[in-house]
Amino acid sequence: MPFQKMTIDDIPVIAPYFRFVTTNTCDFTVGGMFMWRDYFHMTWQVKDGVLYSTLTGEDGNLYYNLPLGEDIPAGLRQCLTRHPERPVRFCTIPEAELPLFRALPGRVEITEEENFADYLYSAEEMIRLSGKKFSGQRNHISRFLRTCQSWSFEPLDNTDAAEVETFFHTLNKKLNYTPGEAAEENHKVQEVLEHLDQYGLVGGVLRADGAIVGFTLGEVLRDTLYIHIEKADRDYPGAYQMLCRQFCTAYADGLAYVNREEDMGDLGLRKAKRDLHPVTQLKKYTVEVW
C-alpha cells in the first residue's frame, strides 16, 4: 500500500494506532492530526502493522511523524531504510521518545520546538479552580454570571450544529484573519462542525439568555481531555473562562489531565495558557538523522 493523502475518511483506520502513544501530546489524536492534515499535506501508510505518516514543513522539507505500532524502533529503522539520502527528518517528537532516536545508527541532531510544547493541566484544578492562584479565573466567571440573567451549558451534537455554525460565522466577521495557521484552523472548525459523527469529538455549547456565546470541541484519550477548539464571544466578559470550566466539568471529571495544546509562539495565547497554571509543558523536538 503506497503513501496516500490523508482524509477524514481515514479516521477509522488511523485512530486505533494512537493507542501505541505513551505520552499526552496532542499530535497523536484525531483532532490534533486530522484538523491539520491539509495545511501540512499529510500522507500515510500502514505496513507490517506500523502506521507511517508524513507532513511537509513550512520549510518545504518532508518530515516523518513518530511511527506507531507494536515495534516503534523497527518503524524508525524502516524510515531510514526507505530514505538513503540524508538527513531523514522527524517532527513533533515527544521528549519521552528521544532515547529511541539516540539509539539509531548515524549522527542524530535534536532540536527543541519551543513554540509547539503542549500545556498540560490538572483536570481536578480545571474543574474546581480553587485556591488563590485561580482567583482571577473565578473573577472572570463571576463577571460572566453578572452579565446575563440565565445561562446554560449543553452537549454539542448534530441537533444544534447548524446554530453553532451560524454563531461561528458571525464571530469570525468580528475578527480579521490573515492566511496562515489561524485561517486554516477556522476552515477546519467548519469542517468539524459539518462532520461531527466522522470526527467523533465531544463538545459543548455555552448560552447566555438563550443565545450561543461560545462552543468547544475536544476528545478523551486515555487519562486526558484534549481541547482542540474553543471559541467564545468576547463581548461577554468571562465567557472563555466559563466555557473552559464547564467543558472540563462535563468531560474531564475523573481524568488526570487536560491538554490545551500549544501557543504556537503567540505571546497573548502564551500568557493566557500560563495564567491557567499548567502542571507541566510537554516538550517536542525535531530530529534529523544523518
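Structure's up top.
Being a predicted model, the structure only gives us computed values, none of them experimental. (Residues numbered from 1 in each chain as written. Predicted model: local features only at pLDDT ≥ 70, side-chain atom pairs only at ≥ 80, totals over all residues. Heavy atoms only, no water.)

1. Description of the overall build of the chain
At step 1: Scanning the chain from N- to C-terminus turns up 11 helices and 14 strands.
At step 2: Scaling as 2.2 N^0.38, a compact globule of 290 residues should have a C-alpha radius of gyration of about 19 Å, and the chain matches this with 20 Å.
At step 3: Structurally, the chain occupies a C-alpha span of about 65 × 40 × 35 Å along its principal axes.
At step 4: Sorting the 290 residues of the chain into buried and exposed places 51% on the buried side.
At step 5: The long-range fraction of contacts in the chain, counting pairs at least 24 apart against all pairs at least 6 apart in sequence, stands at 72%.
At step 6: Accessible area for the chain stands at about 13,600 Å²; split by element, carbon and sulfur atoms hold 50% of it.
At step 7: Side chains of the chain give 31 positive and 43 negative charges; the mean places of these two sets differ by 5 Å. (Helix = DSSP H or I, 4+ residues; strand = E, 2+ residues; numbered from the N terminus. Rg over C-alpha atoms; globule rule 2.2 N^0.38 Å. Buried < 20%, exposed > 50% of the residue type's maximum accessible area, 1.4 Å probe, protein only. Contact = heavy atoms within 4.5 Å. Areas by Shrake-Rupley, 256 points an atom, 1.4 Å probe, with all protein chains shown as cover. Lys, Arg positive; Asp, Glu negative; His and termini not counted. Charge placed at Lys NZ, Arg CZ, Asp CG, Glu CD.)

2. Some remarks on the packing of aromatic side chains
At step 1: Counted under the stated rule, the structure contains nine aromatic pairs.
At step 2: When the ring of Phe167 is compared with that of Phe215, the centres are 6.1 Å apart and the planes differ by 85°; the resulting orientation is edge-to-face. One end of the pair, Phe167, is in helix α7 (residues 161-173); the other, Phe215, is in strand β10 (residues 211-221), with 48 residues separating them in the sequence.
At step 3: Phe167 gets classed as buried once you look at its relative accessible area, which sits at 10%.
At step 4: Take Phe215: its relative accessible area is 0%, and that puts it in the buried class.
At step 5: When the ring of Phe168 is compared with that of Phe215, the centres are 5.9 Å apart and the planes differ by 90°; the resulting orientation is edge-to-face. With a gap of 47 residues between them, Phe168 in helix α7 and Phe215 in strand β10 connect regions that are remote in the sequence. Phe215 shares its class with Phe168; the two are buried.
At step 6: Members of the aromatic cluster, connected to one another through ring pairs, are Trp36, Tyr39 and Phe40. (Phe/Tyr/Trp six-rings, centres within 6.5 Å; stacked < 30°, edge-to-face > 60°.)

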